[in-house]
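# Structure at a glance
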Amino acid sequence: MANIESLTIKCPVTIKAKVTEDLKAQVAAEIQEAIKKADLELQQIDFHAKRMMSEQAKQDAQGLVGLRQQIDAERQKRLEFKNHMLDKLKDTAQLEIGAEIVQGTMDRVVTINIGDDLHKLMATEILLEDGKVIAFRS
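This section reports on the structure supplied with the text. Owing to the predicted nature of the structure, the values given are computational and were not obtained by experimental measurement.

### Here's the deal with the environment of L86
Counting through the fold element by element, L86 comes out in helix α2 (residues 61-93). L86 gets classed as partly exposed once you look at its relative accessible area, which sits at 32%. For the pair L86 and A29, spaced 57 residues apart in the sequence, the C-alpha separation amounts to 12 Å.

The structure is reproduced here in structure tokens:
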């Protein structure tokens, strides 16, 4: 087997953002949009539930219990999501300007060589401020 001197791999890069007033406003707007969507879905569930329940009642009373449980489970999922988003909105309001928050990860392709510090390569971060890259860290 031949000696390999280097290897190209994909590894994650953490994306962090410096908290600014614009970022707080953007994150809050995204969360509020998700809350509105959850509210709309709850309204749709209620609307469709009434129709489905009355149709089911005409056909099969036993199926009504199962349908009710299914509807309640869907409602509960949306309510839990909405409550989670409301908590996130409160957390967003309390973010300090200048603090750094993780916004996600992306992959990068890197060539590693014998002797490279893999932990250092894996700990790479990109720092953003209002969507612009301001630093690379490792």
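### A short note on the pairing of strand β4 (residues 132-137)
Where strand β3 (residues 125-129) meets β4, 5 bridges bridge the pair, whose relative direction is antiparallel. Bridge assignment links L127 to a residue of β4, and that residue is A135. The antiparallel hairpin formed by β3 and β4 contains 2 residues in its connecting segment, where D130 sits at a positive phi of about 50 degrees.

### Brief notes about the pattern of salt bridges
Throughout the structure, instances matching the rule amount to 11 salt bridges. Between K10 and D107 there is a salt bridge, with the nearest N and O atoms lying 3.9 Å from each other. On the criterion of sequence distance, the pair formed by K10 in strand β1 (residues 6-18) and D107 in strand β2 (residues 100-113) is long-range, its members being 97 residues apart. You can call K10 exposed: its relative accessible area is 60%. For D107, a relative accessible area of 51% corresponds to the exposed category. A salt bridge links D46 to R75, with the shortest nitrogen-to-oxygen separation between them at 2.8 Å. One end of the pair, D46, is in helix α1 (residues 21-59); the other, R75, is in helix α2, with 29 residues separating them in the sequence.

### What about a negative patch on the surface?
Residues E21, D22, E129 and D130 make up a contiguous surface patch of negative charge. Its location among the elements puts E21 in helix α1. Residue classification places E21 among the exposed positions, given a relative accessible area of 55%.

### Some remarks on the sheet that holds β2
Taking strand neighbours across the sheet as the criterion, the 4 strands line up as β2-β1-β3-β4 in an open arrangement whose pairing is mixed. Strands with a single pairing partner mark the edges of an open sheet, and in this sheet they are β2 and β4. Strand-to-strand twist across the sheet, computed as the mean angle between neighbouring axes with direction ignored, equals 25 degrees. The sheet contact formed by β1 and β3 spans 5 bridges and is parallel. Bridged to K18 within β3 is E129.

### Here's the deal with unusual backbone geometry
Although it is not a glycine, D130 adopts a positive phi angle of roughly 50 degrees. Within the secondary structure layout, D130 lies in the loop between β3 and β4. Of the residues examined, D130 reaches a relative accessible area of 42% and is grouped as partly exposed.

Basis of the calculations
Residues numbered from 1 in each chain as written. Predicted model: local features only at pLDDT ≥ 70, side-chain atom pairs only at ≥ 80, totals over all residues. Heavy atoms only, no water. Helix = DSSP H or I, 4+ residues; strand = E, 2+ residues; numbered from the N terminus. Buried < 20%, exposed > 50% of the residue type's maximum accessible area, 1.4 Å probe, protein only. Pairing = 2+ DSSP bridges. Salt bridge = Lys/Arg side-chain N within 4 Å of Asp/Glu carboxyl O. Patch = residues over 30% accessible without salt bridge, like charges linked within 9 Å, V, L, I, M, F, W, Y side chains within 5 Å. Areas by Shrake-Rupley, 256 points an atom, 1.4 Å probe, with all protein chains shown as cover. Lys, Arg positive; Asp, Glu negative; His and termini not counted. Charge placed at Lys NZ, Arg CZ, Asp CG, Glu CD. Axes fitted to C-alpha atoms, helices over the stretch in contact; angles between N-to-C directions.

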